[in-house]
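One-letter residues, chain by chain:
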Amino acid sequence: MAESYGAVSAEGVDPVEKKPLYHYYPGRQIYSVGSFGCNLRCPYCQNWQISQSFKEDSLHYSPENVIANALSTGSFGIAYTYSEPLVWYEFVAETASSAAQQGLKNVLVTNGFINSEPFDDLLNNIHALNIDLKTFNSDTYSKIHRGSLNAVKSSIRTAYEKGCHVEITTLVVTGINDNRGELMETARFISSLDRSIPWHISRYYPAFKYDAPATDESFILSICEEASSVLDYVYAGNIASPGRFSDTFCPACGSVLIKRSGYRTVLSSLDARSSSCLNCGMILKFEGLC
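**Some points on the overall build of the protein**
Piece 1. Across its full length, the protein holds 8 helices and 15 strands.
Piece 2. Computed over C-alpha atoms, the radius of gyration of the protein comes to 18 Å, within 12% of the 19 Å expected from 2.2 N^0.38 for 290 residues, which places it in the range of a compact globule.
Piece 3. If one aligns the C-alpha atoms of the protein with their principal axes, the spans along those axes are about 50 × 45 × 35 Å.
Piece 4. Sorting the 290 residues of the protein into buried and exposed places 54% on the buried side.
Piece 5. The contacts in the protein between residues at least 6 apart in sequence include a share of 65% that link residues at least 24 apart.
Piece 6. Accessible surface, the protein as shown: approximately 12,200 Å² in total, 47% of it carbon and sulfur.
Piece 7. Side chains of the protein carry 23 positive and 30 negative charges; the gap between the two charge centres is 5 Å.

**Considerations on the state of the cysteines**
Piece 1. Tallied over the full model, the rule gives 0 disulfides.
Piece 2. The thiol sulfur of Cys224 is not disulfide-bonded, and the nearest other cysteine sulfur, from Cys250, lies at 19 Å.
Piece 3. For Cys224, a relative accessible area of 0% puts it in the buried group.
Piece 4. The exposure class assigned to Cys250 is buried, which follows from its relative accessible area of 4%.

**Here we look at the pairing of strand 5 (residues 77-80)**
Piece 1. Here strand 5 shows no split at all, with Gly77 and Ala79 on one side and Ile78 and Tyr80 on the other all buried.
Piece 2. Across 4 bridges, strand 5 lies against strand 6 (residues 105-110) in parallel orientation. Counterpart to Ile78 in the pairing with strand 6 is Asn106.
Piece 3. On the question of chirality, the crossover connecting strand 5 to the parallel strand 6 by way of helix 3 (residues 89-101) is right-handed.

**Digging into the sheet that holds strand 11 (residues 248-249)**
Piece 1. Read from one edge of the open sheet, 3 strands run 11-12-13, paired in antiparallel fashion. With one partner strand each, in any of the chains shown, strand 11 and strand 13 (264-267) form the two edges of the open sheet.
Piece 2. Looking at chain direction, strand 11 and strand 12 (residues 256-261) are connected through 2 bridges and run antiparallel. The residue of strand 12 that forms the bridge with Phe249 is Val256.

**With respect to the sheet that holds strand 7 (residues 128-132)**
Piece 1. Spatially, 2-3-5-6-7-8-9-10 is the arrangement adopted by the 8 strands of the open sheet, whose pairing is mixed. Looking at the sheet topology across the chains shown, the edges are occupied by strand 2 (10-15) and strand 10 (234-237). The average angle at which neighbouring strand axes cross in this sheet is 20°, direction not considered.
Piece 2. Helix-sheet contacts for helix 6 (residues 149-161) involve strand 7 and strand 8 (165-172), and the interaxial angle to strand 7 is about 160°.

**Let's talk about the environment of Pro213**
Piece 1. Residue placement: Pro213 occurs in the loop between strand 9 (199-203) and helix 8 (217-227).
Piece 2. Taking the C-alpha atoms as reference, Pro213 lies 8.9 Å from Val173; in sequence the two are 40 residues apart.
Piece 3. Ignoring any residue separated from it by four or fewer positions in sequence, one finds Pro213 in contact with Thr174 and Tyr204.

**Here we look at the side chain of Ser51**
Piece 1. Within the element layout of this structure, Ser51 appears in helix 1 (residues 48-51).
Piece 2. A distance of 3.2 Å separates the side chain of Ser51 from the side chain of Gln52, its partner in a polar contact.
Piece 3. Excluding residues that lie within four positions of it along the chain, Ser51 makes contacts with Gly37, Cys38 and Cys45.

**What to know about the packing of aromatic side chains**
Piece 1. This model, assessed by the stated rule, comprises 12 aromatic pairs.
Piece 2. Aromatic pair Tyr22 and Tyr235: ring centres 4.6 Å apart, planes at 65°, arrangement edge-to-face. Of the two residues, Tyr22 sits in the loop between strand 2 and strand 3 (29-34) while Tyr235 sits in strand 10, which places them 213 residues apart along the sequence.
Piece 3. Each ring, one from Tyr25 and one from Phe76, has its centre 4.1 Å from the other, and the planes form 5°; the classification is stacked. Within this pair, whereas Tyr25 is found in the loop between strand 2 and strand 3, its partner Phe76 is found in the loop between helix 2 (63-72) and strand 5, the two being separated by 51 residues in sequence.
Piece 4. Using a relative accessible area of 14% as the deciding quantity, one classes Tyr25 as buried.
Piece 5. Feature note: the residues Tyr5, Trp88 and Phe91 constitute an aromatic cluster, connected by ring pairs.

**A closer look at the pattern of salt bridges**
Piece 1. One pass over the full model with this rule turns up 10 salt bridges.
Piece 2. Here Asp132 and Lys134 are joined by a salt bridge, their closest N and O atoms 3.5 Å apart.
Piece 3. Overall, the relative accessible area of 25% leaves Asp132 in the partly exposed class.
Piece 4. Between Asp232 and Arg195 there is a salt bridge; the shortest N-O distance is 2.8 Å. Of this pair, Asp232 sits in the loop between helix 8 and strand 10 while Arg195 sits in the loop between helix 7 (180-193) and strand 9; the two residues are 37 residues apart in sequence, bridging distant segments of the chain.
Piece 5. Residue classification places Arg195 among the partly exposed residues on the basis of a relative accessible area of 35%.

Quick notes on the rules
Residues numbered from 1 in each chain as written. Predicted model: local features only at pLDDT ≥ 70, side-chain atom pairs only at ≥ 80, totals over all residues. Heavy atoms only, no water. Helix = DSSP H or I, 4+ residues; strand = E, 2+ residues; numbered from the N terminus. Rg over C-alpha atoms; globule rule 2.2 N^0.38 Å. Buried < 20%, exposed > 50% of the residue type's maximum accessible area, 1.4 Å probe, protein only. Contact = heavy atoms within 4.5 Å. Areas by Shrake-Rupley, 256 points an atom, 1.4 Å probe, with all protein chains shown as cover. Lys, Arg positive; Asp, Glu negative; His and termini not counted. Charge placed at Lys NZ, Arg CZ, Asp CG, Glu CD. Disulfide = S-S within 2.5 Å. Pairing = 2+ DSSP bridges. Right-handed = clockwise from strand over helix to strand, strands pointing away. Axes fitted to C-alpha atoms, helices over the stretch in contact; angles between N-to-C directions. Polar contact = N/O pair within 3.5 Å; in protein donor to acceptor, adjacent residues only side chain to side chain. Phe/Tyr/Trp six-rings, centres within 6.5 Å; stacked < 30°, edge-to-face > 60°. Salt bridge = Lys/Arg side-chain N within 4 Å of Asp/Glu carboxyl O.

The following block contains the structure:
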C-alpha cells in the first residue's frame, strides 16, 4: 500500500469550473480532495508544495470519510485533484468504486501518465476527467517533465473511447512549449478524437524552480483563435481578460450558450432539459445541466 494512502493535503468544495471542467455539471459545486506527490517533475509546478513533498502528520481519511464528506456538502460527486491522483491510485480506486455505488460522480484531474491496464481498470468508476497535455514534443516530455507523450495520448484516447467526459488542459510555459506549431499539433490531435472535446489553454506564471516570464496573454489568445478553426470549444485560462474565450458558443449558429465571469456561470441560449441550443436546436454534449 502506498505511504500516502488516505493522507490528505487539501480538501474543499469548489466550482467544477475550477478543475477546469466547463461542459460537465456547469455551475455546480464539487467536493474536492487531494494527497501528496506526483509522478512527473515539472520545474514550473504550480502546486509544488504538495506535489514534491509528503507530510507524515497530515490528516488521514478512509474512503468512507471522503464519501461522507461529499454527501454532507450536497455535492454531486468527488474530484480527486490538487496533487496527482494517480500516485494515490489505490485510495482513489477504492473510494471511486464505493462512491459510484452511492450515486456520486467521480472526477479525475490528472496528468494522464500511467500504464494502460491500471488506467483502464480505474476508469470503470470515473465519470469525467481533465487531463493535462503538457507538450506535444516527445523529447520535452521525457527530458523536462520525466514523462511520456505517447502514454498521455493513450490515456486521453482510452478515456474518450471508454465514454468518460474528457476535457484537456495545456499550460503554455514560456521557453518550454510556447511554440505555435506544436500547440496547433496538440489542437489537431484533440480534434482527431472529437472536435467537441474542450481544450483549456492556460497561462503560466513563474513557480517552483522556473522563473521565466509569465506567458504573453496576447499569445494565449492568438492560439485560442487559431485552434478554434479545428476545435469547437477553446478556452483561455489564468488570464485577466479572456474575452470570448471564457464563454461557450454554439458551434452551429454562434449563439452564446454559457456566459462565465470568473467561476460564475449563467446558462444563456442553452436548454438545460434537452442540452440543445435555443436558437438553432443543435443538440450539444453537456452533462449535468438539470
